[in-house]
Every structure is written in structure tokens, then in C-alpha cells.
Amino acid sequence: MSKPSRKELVYEIIFEADTPSGKLFDVLLFVAILTSVGLTMLSSVKSVRADYGVLLFCLNALFTLLFTIEYGLRLWCAKNPLRYARSFFGVVDLLAVLPFYIGLFIPGTRFLDVIKVLRMLRIFRVLKMAQYVGEADLLKNALISSRRKIGIFLVTVMTIVVIIGSLMYVIEGEANGFTSIPQSVYWAIVTLTTVGYGDISPHTPLGQTLAACIMIIGYSIIAVPSGIITAELGLSAAQERDGRTCNTCGHRDHDADARHCKYCGARL
């Protein structure tokens, strides 16, 4: 048996999570990602930045350099570099290092490198949690199936807020803070979603009555999207089951990949 090449060894360490070296690499990578994200968050605190700004910048630069080298190694040892670069994790790995370099020329944008926290999604692979991907697919399928209903719901809501926002602009006017229709629509959205920042509020009796109506409407429709998605989740879950009947206990509705009855344990 021939000895693995250097590229194959690097590939095994970086991309494989079943080997001791691969597991160690992924654990160290997760620690580095969390540390780097923590440093970026600390850099946004004015008092901390004033005392330790240079140190935080140097540490972030070091981590970014390490992530850049890692990204280069992934491209170098990948069996299909272009496919990796265009994959979800390939794009995330690239976006994890770009904000720092862009921030050298455009101040402030380097704080966007917290996007590297998305790289933590690899923990599903490391911790053998791939079985949860099926549950994620179930949710994804439910969202896709309900997209038209959700779309109609959003169009209806936008129609409501535009109409009510326009009415509030006419009723309250600029004197009460409703300086334009877009500003009034913003108030309608904030009120309908029951957020209620309080930065704009109606002062006239008619305006307050209309505000009360939109608050009640907000409570009435807030459960609509969750109800739609829940119904689709039930349908998707039902489709995941087959119609096999257990010869021992007679129960049905087993999982499609089940080999034994979930009720009595007999082989299907």
C-alpha cells in the first residue's frame, strides 16, 4: 500500500472528522472561531477599544491570517477546488476573512467578520449530529410548501399597513410626528407587529381609535404564519411515514426507514 501524499494527509486533517487528527483540527478551529468572534465583539465596545484597541486588532489580524492560510489549504487539497469554493461552507469560509481585509480600506466593515460564526455549523459533522439534518430538511420542506400562503399573507399585511399608514398621515399630520406616508407606514408596521417603540404615537381621538384597531388586528393575525407552517410540518411528517402494518400488533404509520415496529419491536 502506497504512502499517502502530503495533499492527501492535509485533506484528511481538514475535511475528515472521523480521524483523531481531523477531530483535533475541528475542535481547535471552533475554539479559534469563538475567540475571534469574541474579540470582534469586544472591539465594538468603546471603553475596551480605547484601552486595548491595538492588542485586539493585532489578535484579530493573527486569527484572520490563520483563517486565510486554512482557506488556502482547503482550496489546495480539495478534490474539486471550484466546487468547494462555490459550496455553502466555501463561501462562508471566504466571507469569514474578507471583512477584515476590506476593513483596512473601509473603516467599520471589519466588524462584519462576525459572520465567521456560521462556520460553527460544522459542529453537526464533528459531533455526529447528522441525523438532525433530516429534521432540518423537514422544516425546510414545510417552509417551501407554505411559501405561497406565506406570500399571500405578507402581501395582505403590506396592503393593510399601507392603507392604515396613509390614513394616519391624513388624520394626524406632520404636527403629531407623521411627517410622511413612509413614516406613517413605518408606525403602522411597528404597531401591527406589537413592537410599539413609542417614537411616534397618535394624539387625536380618531387616530387613537385607528391605532387601537391595528393593535387588535396585530394580535389577531400574529398566529397566522405559525399556523400555516405548523400545518405544513404535519403534512411533511405524515409523508415521511409509510403504510406498512406490523404483523404482530397491527399498528401502522411507521417511519419510512424503520426495520422494527415502534410499538412492539417486532421486525417489519
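Please refer to the structure higher up on the page.
Asker: Give a detailed account of the pattern of salt bridges, specifying residues and quantitative values.
Answerer: Going through the model one piece at a time under the given rule, you end up with 2 salt bridges. Between Glu-70 and Arg-74 there is a salt bridge, and its shortest N-O distance comes to 2.6 Å. Taken together, the residues Glu-70 and Arg-74, both in helix H3 (residues 46–77) and 4 residues apart, mark about one turn of the helix. Since its relative accessible area comes to 6%, Glu-70 is described here as buried. The shortest N-O distance in the salt bridge between Asp-93 and Arg-74 comes to 3.9 Å. Of this pair, Asp-93 sits in helix H5 (residues 88–95) while Arg-74 sits in helix H3, placing them 19 residues apart in sequence. Arg-74 matches Asp-93 in its accessibility class, with the two residues each being buried. Taken together, the shared-partner salt bridges connect Glu-70, Arg-74 and Asp-93 into one network.

Asker: I'd love a proper account of helix H11 (residues 205–221), names of residues and values included.
Answerer: Between its first and last C-alpha atoms H11 spans 25 Å; for 17 residues at 1.5 Å apiece the expected length is 24 Å, and the two agree. Inspection of H11 places Gly-207, Leu-210, Ala-211, Ile-214, Gly-218 and Ile-221 among the buried residues, and these make up the whole buried set. The buried residues of H11 occupy an angular sector of 105 degrees when the element is viewed end-on, so they sit on one face. With respect to the buried face of H11, the exposed residues turned more than 90 degrees away are Pro-205, Ile-216, Tyr-219 and Ser-220.

Asker: Describe the side chain of Thr-64, listing the residues and the values that go with them.
Answerer: Inspection of the secondary structure assignment puts Thr-64 in helix H3. Look past the residues within four positions of Thr-64 in its chain and what remains in contact with it is Val-97, Phe-100 and Tyr-101.

Asker: Explain the packing of helix H1 (residues 6–15) against H3 to me, using residue names and the numbers behind them.
Answerer: Each packed pair of helices is defined by two parameters, the angle between the axes and the distance between the axes. Put simply, H1 and H3 touch, their axes get as near as 9 Å, and they point 125 degrees apart. Judged by the angle between their axes, H1 and H3 are oblique. For the crossing formed where H1 meets H3, the hand is left-handed. Contacts between H1 and H3 involve Arg-6, Lys-7, Val-10, Tyr-11, Ile-14 and Phe-15 from the first element and Leu-73, Arg-74, Trp-76 and Cys-77 from the second. Its residues assigned to classes, the contact of H1 with H3 shows 7 nonpolar, no polar and 3 charged.

Asker: An account of the nonpolar core is requested, with residue identities and associated values reported.
Answerer: Ranked by size, the top nonpolar core spans 15 residues in total, and within it Val-157, Val-161, Ile-164, Met-168, Trp-187, Leu-192 and Ile-214 carry the most contacts. Within the residue set of this core, elements represented by two or more residues are helix H9 (147–172), helix H10 (181–192) and H11. Take this core: its biggest share by element is 5 residues, from H9. If we ignore the near neighbours within four places in the chain, the residues touching Met-168 are Gly-173, Phe-178, Trp-187, Pro-202, Gly-207 and Leu-210. Among the nonpolar cores identified, the runner-up in size contains 11 residues, and Leu-29, Phe-30, Leu-39 and Val-97 belong to it.

About the criteria used
- One numbering rule holds for all chains: residues counted from 1, following each sequence as written.
- A pLDDT threshold of at least 70 governs which residues receive local features in this predicted model, and a stricter bar of 80 or more applies before side-chain atom pairs are shown or counted, although totals over entire chains, interfaces and linings include all residues.
- Excluding hydrogens and water, the side-chain figures rest on all heavy atoms present in the structure.
- Take a side-chain nitrogen of Lys or Arg and a carboxyl oxygen of Asp or Glu: if they are within 4 Å of each other, that pair is a salt bridge.
- Runs of E in the DSSP output that reach at least two residues are strands. Runs of H or I that reach at least four are helices, and both are numbered from the N terminus.
- With a 1.4 Å probe rolled over the protein chains alone, any residue whose accessible area is under 20% of its type maximum counts as buried; one over 50% counts as exposed, and the rest are partly exposed.
- Here, expected helix span is obtained from the residue count minus one, scaled by 1.5 Å.
- Read the arc as the range of directions from the helix axis to the C-beta atoms.
- When checking whether two residues touch, look at their non-hydrogen atoms; a contact exists if any pair is within 4.5 Å.
- Only the stretch in contact is used when fitting a helix axis, every axis being a line fitted to C-alpha atoms; angles between N-to-C directions are given from 0 to 180 degrees.
- The scheme is simple: roughly parallel for angles under 35 degrees, roughly antiparallel for over 145, roughly perpendicular for 65 to 115, oblique for anything else.
- Each helix crossing is assigned a hand: it is left-handed if the near helix lies turned anticlockwise from the far helix by less than a right angle, otherwise right-handed if that turn is clockwise.
- Residue type decides the class: Asp, Glu, Lys and Arg count as charged, Ala, Val, Leu, Ile, Met, Phe, Trp, Tyr, Cys and Pro as nonpolar, and the leftover types, Gly among them, as polar.
- To qualify as a nonpolar core, a set must consist of buried Ala, Val, Leu, Ile, Met, Phe, Trp, Tyr and Cys residues joined through side-chain atoms within 4.5 Å.

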